[in-house]
Amino acid sequence: MAAMTSTARPYLNRRLAEFGTTIFAEMSALATATGAINLGQGFPDTDGPEEIREAAVRALRDGRGNQYPPGPGVPELRAAISAHQQRRYGLAYDPDTEVLVTAGATEAIAASLLALLEPGDEVVALEPYYDSYAASIAMAGGRRVPVTLRPSEGRFRLDLDELRAAVTDRTRLLLINTPHNPTGTVLTREELAAVAELAVERDLLVVTDEVYEHLVFDDAEHLPLAGFPGMRDRTVTIGSAGKTFSFTGWKVGWVKAFSPTYFSQTAGPDRAERLIRSLDSQIPCAA
């Protein structure tokens, strides 16, 4: 076999050439090696509620969930996710067509970006951000445009003028994370309203990572972006059972996606069907 020359094609996809070992893997390895408290990765130091563990054990013993589920996820879980959104936020989602279960929220992020981006599309993301955002945008051929959250008056704040200035004619999508990892900030009603206004004005899609929706403290209040005017049909909302119930190793996340209505009105029914099917196809069979 001939030796590889300097002109040979690299093994790694060029889009991923800038990425090395994830910082989470590095920090967790250091914490294990030194016995340090690990603040570098978002998992709890104790397991979640006993009743949830026992429910999982019973389901396994009863033969429920041991084999391939339907592609979009177990119907009972999808129904529960839909009911949660209705009960907590007054948002109605069809569990059969608008809820997809994923192998953790990280897969939900990757699948959403792969389904919605074309090469060259710009994605505005709040910085600092979960490192998988950058890799997922790169895999989809998109271009990352960061807007930095900066400390002010006891919290990290979003500069709305900077956000607006970051949007160009090439911007396809806003990637919003609230409650925010790693700063802990929770975007206010006023900030979210401004994000929604910008998305509607510039006809942008929004992927919103809300995996920490139930981990808010003091007077902070989590508000789903999909609940703001004009956002229901242009927002993909991502959630996580692992974060909510402190069972991160189970890797159970979900996507609550917009209906075909928005794309039917703006791009025609054929493209709408292709886009919704594309989002589904990025997500393999999940629990």
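The present account deals with the structure reproduced in this document. Note on numbering: residues in each chain are counted from 1, in written sequence order. Totals for whole chains, interfaces and linings use all residues, but because this is a predicted model, local features are given only for residues with pLDDT of at least 70 and pairs of side-chain atoms are given and counted only at 80 or more. No hydrogens and no water enter the side-chain calculation; it runs on all heavy atoms of the structure.

**Side note on the layout of surface pockets**
Okay, so step 1: By volume, the second largest pocket is sized at about 780 Å³.
Okay, so step 2: Lining of the second largest pocket is provided by 33 residues; of these, H180, N181, P182, G184 and Y212 occupy positions nearest its centre.
Okay, so step 3: Every element with two or more residues in the lining of the second largest pocket is listed here: α1 (23-34) and α8 (241-245).
Okay, so step 4: Each helix is a run of DSSP H or I of at least 4 residues and each strand a run of E of at least 2, with the numbering of both proceeding from the N terminus. If one sorts the elements of the lining of the second largest pocket by residue count, α8 sits on top with three residues.
Okay, so step 5: Residues are grouped as follows: nonpolar covers Ala, Val, Leu, Ile, Met, Phe, Trp, Tyr, Cys and Pro; charged covers Asp, Glu, Lys and Arg; every other residue, Gly included, is treated as polar. Among the residues making up the lining of the second largest pocket, the classes are represented as 15 nonpolar, 13 polar and five charged. Whether a set of points on the 1 Å grid over the protein atoms alone is a cavity depends on a 1.4 Å probe fitting there but being unable to get out, while an open set qualifies as a pocket with protein on both sides within 12 Å along at least five of seven lines; lining residues are those with an atom within 4 Å of a point. Grid points are joined across faces, edges and corners, and a volume is the space filled by probe spheres set on the points.

**A word on a nonpolar patch on the surface**
Okay, so step 1: Taken together, I23, M27 and L30 make up a surface patch of nonpolar side chains, about 270 Å² in accessible area.
Okay, so step 2: By the element assignment, M27 lies in helix α1. Two distance rules govern patches: like charges are joined within 9 Å, and nonpolar side chains (Val, Leu, Ile, Met, Phe, Trp, Tyr) within 5 Å, applied only to residues with over 30% relative accessible area and no salt bridge. Surface accessibility in these figures is a Shrake-Rupley result with a 1.4 Å probe; residues are shielded only by whichever protein chains are displayed. The salt bridge definition used is simple: a Lys or Arg side-chain nitrogen within 4 Å of an Asp or Glu carboxyl oxygen.

**Here we look at the sheet that holds strand β6 (residues 171-177)**
Strand pairing in a sheet relies on backbone hydrogen bonds, with the paired strands running either antiparallel or parallel.
Okay, so step 1: The seven strands are arranged β1-β9-β8-β7-β6-β2-β3 in an open sheet whose pairing can be described as mixed. The open sheet terminates on both sides in strands that have one partner only, identified here as β1 (99-102) and β3 (143-148). Going from strand to strand, the sheet's axes swing by 20° on average, the running direction of each strand aside.
Okay, so step 2: Bridging between strand β8 (residues 235-240) and strand β9 (residues 253-256) involves four bridges; their strand directions are antiparallel. Each bridged residue has a counterpart across the sheet, and for S240 the counterpart in β9 is G253.
Okay, so step 3: Along the sheet, helix α4 (residues 104-116) makes contact with β1, β6, β7 (205-209), β8 and β9, crossing β8 at roughly 165°. Strand pairing requires that DSSP identify at least two bridges connecting the strands. Note on geometry: axes are lines fitted to C-alpha atoms, helical ones only across the stretch in contact, with angles between N-to-C directions running from 0 to 180 degrees. Any pair of residues with heavy atoms lying within 4.5 Å of one another is described as a contacting pair.

**Quick notes on helix α7 (residues 189-201)**
Okay, so step 1: In this model, α7 (13 residues) spans 18 Å end to end at C-alpha, consistent with the 18 Å of a helix rising 1.5 Å per residue.
Okay, so step 2: Per-residue accessibility, obtained with a 1.4 Å probe over protein chains only, is compared with the maximum for each type, and a residue is labelled buried under 20%, exposed over 50%, and partly exposed between these values. Of the positions making up α7, those classed as buried are E191, L192, V195, A196, L198 and A199. For α7, the angular spread of buried residues about the axis comes to 160°, placing them on one side. Counted as exposed and oriented over 90 degrees from the buried face of α7: E190 and E197.
Okay, so step 3: Contacts made by the buried residues of α7 are with β5 (155-157), α6 (160-166), β6 and β7. The span you would expect from a helix comes to 1.5 Å times its residue count less one. Working definition: the arc comes from the directions between the helix axis and the C-beta atoms, pointing outward to the latter.

**Section: the nonpolar core**
Okay, so step 1: Remark: nonpolar core denotes a set of buried residues (Ala, Val, Leu, Ile, Met, Phe, Trp, Tyr, Cys) joined through side-chain atoms within 4.5 Å. Membership of the largest hydrophobic core comes to 25 residues, with the highest contact counts inside it found for L113, L116, L173, L175, V207, I238 and V255.
Okay, so step 2: The greatest single-element share of this core, amounting to five residues, is contributed by α4.
Okay, so step 3: Once residues lying within four places of it in the same chain are set aside, the contact partners of L116 are D121, R172, L173, L205, V207, V236 and F258.

**Considering unusual backbone geometry**
Okay, so step 1: Of note, the bond from T178 into P179 is cis; its omega dihedral lies within 30 degrees of zero at -10°.
Okay, so step 2: With an omega of 20°, the peptide bond between N181 and P182 qualifies as cis.
Okay, so step 3: Positionally, P182 belongs in the loop between β6 and α7.
Okay, so step 4: In this structure, E153 takes a positive phi of about 55° despite not being glycine.

**Focus on the pattern of salt bridges**
Okay, so step 1: The full count for this structure, using the stated rule, is 13 salt bridges.
Okay, so step 2: Residue R143 is joined to E122 by a salt bridge in which the shortest nitrogen-to-oxygen separation is 3.0 Å. Of the two residues, R143 sits in strand β3 while E122 sits in strand β2 (residues 122-127), which places them 21 residues apart along the sequence.
Okay, so step 3: Of the residues examined, E122 reaches a relative accessible area of 1% and is grouped as buried.
Okay, so step 4: The closest approach of N and O atoms between R234 and D203, which form a salt bridge, is 3.0 Å. Taken as a pair, R234 in the loop between β7 and β8 and D203 in the loop between α7 and β7 lie far apart in primary sequence, 31 residues in all.
Okay, so step 5: For R234, a relative accessible area of 8% gives the class buried.
Okay, so step 6: Taken together, the salt bridges that share partners define one network made up of D47, E50 and R53.

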